[in-house]
Amino acid sequence: MGENLAGLTGSQTADTGLYNLTILILDTSLYMSDPLVRKIIHLDMDAFYASVEMKDNPDLQGKPVIVGGSPQSRGVVSAASYEARKFGIRSAMPCSRAYRLCPKAVFVKPRFHRYQEVSRQIHEIFRVYTDIIEPLSLDEAWLDVTINHIDCPSATWVAQRIKKDILNETGLTGSAGISYNKFLAKIASDERKPDGLFVITPDNSADFLREMDVKKIPGVGKVTNSKLQSLGIEKGFQLFEKPEDYLKNHFGKFGHYLYQIIRGIDHRPVSSYRERKSLGIENTFKEDYLYGTELKSELDRLAEGLSKRMRKKDSRARTLGLKVKFHDFHQITRSITLQQGILDDAMISKLAHKKLAEVTEAEYPGKRVRLLGLSVSNFADEEKEDVSLNRQLDMFDLLEIMGSG
Ligand code: TTP
Ligand code: MG
Ligand code: MG
């Protein structure tokens, strides 16, 4: 059954009534075997910024397109079209290197408002099918379609409809991953890019995870991956063989996460737009800074400001979030949650500096920063929620912090 479903992914453009009916039957019968199984779609647009530019400017069609800085600048690639990727060009690569790899590539400056606009269009389409939508960034989101507005029992079918609507309304393609939890759906959306659709079922997830490279696990960054490699863990089955205590010894709390995730266990709900309480402060700088004295003192100022606000509101929080927007508008968030006690001024400053160093030195070395933000959430007087984190501060981030901390 699982193989049948996965096999459908290769011919997703077919659109005969019969074909769709086949999907419906396979998918329904699969999920009907366990009414408690959730149906989650992860949708991620293909070469998002580059595709938007190519759609808006037909001259760029079929060409290697790079959205980011100019080839002479010290900027990096934000997005590379699939044509550009044939030359080995990837996001976050210096533009100068991209130019050397493909001198005929067309370099385009980003237009963030336009990407936001397209992102809003896509979200409108999502809402036709479900209200349970959790955006991860402008170009991707999780959707819980276990119950959906069109009463369709097949998540695969819903994903196909969404892909088609997106294509009709924006002219762009996205890739869908369908599975029974967020982790597997996210991994699945990457499997058949571009314009892909891939299903991981309860029946075939074990086989899939066995063959998967562990570096694909969200939260496994460079640091964790080299640590895993040094332990001889590169493929899923190698991780699977390790006892939980072994992983905990090497990775702390992150070890528990790895143990669970490689067994396909992820109970996080798709948490939709509802705003969680958080208190934050951010600053866009007049010039972009590399990691160094100026950036550190900007962070000090933010930490002080945040502490002051917290005192004013008498808030006692457990989670600290750091937001970093780079000069190319690429934005990331990291969070850290205290297991005990509440954040005081000293702790806020210490943790914020630790995270900033990790992000700017280890993860994105040499990338200039245009904005820093700090926020606190998970207040001590707040009712405990399943995942008591700000929506943007994904649990994977938290776990990565715990793992590398
Ligand atoms: P991604 O979804 O990671 O990549 P993508 O959409 O360009 O390509 P793919 O088909 O593999 O999904 O990121 C979405 C957008 O976010 C991307 O188009 C540009 C921006 N971005 C950056 O600005 N810098 C980065 O390092 C990355 C990874 C993305
Ligand atoms: Mg994408
Ligand atoms: Mg994405």
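Please refer to the structure placed before this passage.
Attention in this report is confined to the structure presented alongside it. Values in this document were obtained by computation on a predicted structure and should not be read as measured data.

1. Here we look at the overall build of the protein
Summing up its helical and strand segments, the protein has 16 helices and 12 strands in all. Evaluated residue by residue, the protein yields a buried proportion of 42% over its 405 residues.

2. Points about the sheet that holds strand 9 (residues 278-289)
Ordered in space as 9-12-10-11, the 4 strands form an open sheet in which the pairing is antiparallel. With one partner strand each, in any of the chains shown, strand 9 and strand 11 (331-337) form the two edges of the open sheet. Taken pair by pair, the neighbouring strands of this sheet meet at an average axis angle of 15°, ignoring direction. Examined bridge by bridge, strand 10 (residues 317-326) and strand 11 share 7 bridges and lie antiparallel to one another. Its bridge partner lying in strand 11, Thr319 is registered against Thr337. In this fold helix 14 (residues 293-313) packs onto strand 9, strand 10 and strand 12 (369-379), with an angle of close to 160° to the strand it touches most, strand 9. Contacting strand 10, strand 11 and strand 12, helix 15 (residues 345-363) crosses the sheet at an angle of about 35° to strand 10.

3. With respect to the site of ligand 1
Close contacts around ligand 1 come from 16 residues, with Phe48, Ser78, Ala79, Ser91 and His330 the closest. Where the shell around ligand 1 is concerned, the elements lending two or more residues are strand 1 (40-45), helix 3 (48-56) and strand 3 (77-80). If you count residues domain by domain, the shell around ligand 1 takes at least three from each of domain 1 (2-46 + 114-204) and domain 2 (50-112).

4. Quick notes on unusual backbone geometry
Peptide bonds are trans in most cases, and residues, glycine excluded, mostly fall at negative phi. Of note, the bond from Lys193 into Pro194 is cis; its omega dihedral lies within 30 degrees of zero at -10°. Tracing the backbone shows Pro194 in the loop between helix 8 (182-189) and strand 8 (197-199). If you check the backbone angles, Ala47 has positive phi at about 40° while not being a glycine. One can find Ala47 in the loop between strand 1 and helix 3.

5. Some words on the sheet that holds strand 7 (residues 174-179)
Ordered in space as 5-6-1-7-8, the 5 strands form an open sheet in which the pairing is mixed. Strand pairing shows two members of the sheet lacking a second neighbour, strand 5 (133-137) and strand 8, which therefore form its edges. Taking the axes of each pair of neighbouring strands and ignoring which way they run, one obtains an average angle of 15° across the sheet. Bridge analysis of strand 1 against strand 7 gives 6 bridges, and the strand direction is antiparallel. When the sheet's bridge partners are listed, His42 is paired in strand 7 with Gly177. Here helix 7 (residues 155-170) sits on the sheet in contact with strand 1, strand 7 and strand 8, set at roughly 165° to strand 7.

6. Details of the pairing of strand 6 (residues 140-144)
Burial runs high along strand 6: 5 of the 5 residues are buried. Neither face of strand 6 is open: one carries Glu140, Trp142 and Asp144, the other Ala141 and Leu143, and all of them are buried. Sheet topology places strand 1 next to strand 6; 5 bridges connect them, and they run antiparallel. Bridge pairing in strand 6 places His42 opposite Trp142. Note: strand 5 against strand 6, 4 bridges, orientation antiparallel.

7. Overview of the nonpolar core
Counting residues in hydrophobic clusters, the biggest one holds 71 residues, and the most contacted among them are Ile41, Ile66, Leu143 and Leu258. Here the element with the most residues in this core is helix 7; it accounts for 6 residues. The next biggest cluster of nonpolar side chains, apart from the first, holds 22 residues, and it includes Leu302, Leu322, Val324 and Phe326.

8. Remarks on helix 15
With 19 residues, helix 15 should reach 27 Å at 1.5 Å per residue; the first-to-last C-alpha distance of 26 Å fits that figure. Looking at helix 15, one finds that the buried residues are Ile348, Ser349, Leu351, Ala352, Lys355, Leu356, Val359 and Thr360. Among the structural elements, helix 14, strand 10, strand 11 and strand 12 are those in contact with the buried residues of helix 15.

9. Some details on the environment of Tyr364
Tracing the backbone shows Tyr364 in the loop between helix 15 and strand 12. Accessibility expressed as a C-beta count within 10 Å gives 18 for Tyr364, which makes it partly exposed. In sequence terms Tyr364 and Ala92 are 272 residues apart; their C-alpha atoms lie 8.2 Å from each other. With sequence-adjacent residues up to four places away left out, Tyr364 is seen in contact with Phe326 and Val359.

10. Remarks on the environment of Pro194
Residue Pro194 is classed as partly exposed on the basis of its 16 C-beta neighbours within 10 Å. Along the sequence, Pro194 and Met45 sit 149 residues apart, while their C-alpha atoms lie 8.3 Å from each other. Leave out the neighbours within four places in its chain, and Pro194 touches Asp46, Ala47, Tyr82, Thr173 and Ser175.

11. Structural notes on the pairing of strand 10
The buried count for strand 10 comes to 8 of 10 residues, which makes it a mostly enclosed element. Both strand 10 and strand 12 contribute to a ladder of 9 bridges, which runs antiparallel. Bridge pairing in strand 12 places Phe326 opposite Val369. Connecting strand 10 to the next strand, strand 11, in antiparallel fashion are 4 residues, including Phe329 with a positive phi near 70°.

The rules behind the values
Residues numbered from 1 in each chain as written. Chains lettered and ligands numbered in written order. Predicted model: local features only at pLDDT ≥ 70, side-chain atom pairs only at ≥ 80, totals over all residues. Helix = DSSP H or I, 4+ residues; strand = E, 2+ residues; numbered from the N terminus. Buried ≥ 20, exposed ≤ 12 C-beta atoms within 10 Å, placed from the backbone. Pairing = 2+ DSSP bridges. Axes fitted to C-alpha atoms, helices over the stretch in contact; angles between N-to-C directions. Contact = placed C-beta atoms within 7 Å. Near = placed C-beta within 6 Å. Domains from an automatic or database assignment. Core = buried A, V, L, I, M, F, W, Y, C linked by C-beta atoms within 7 Å. Expected span 1.5 Å × (residues − 1).

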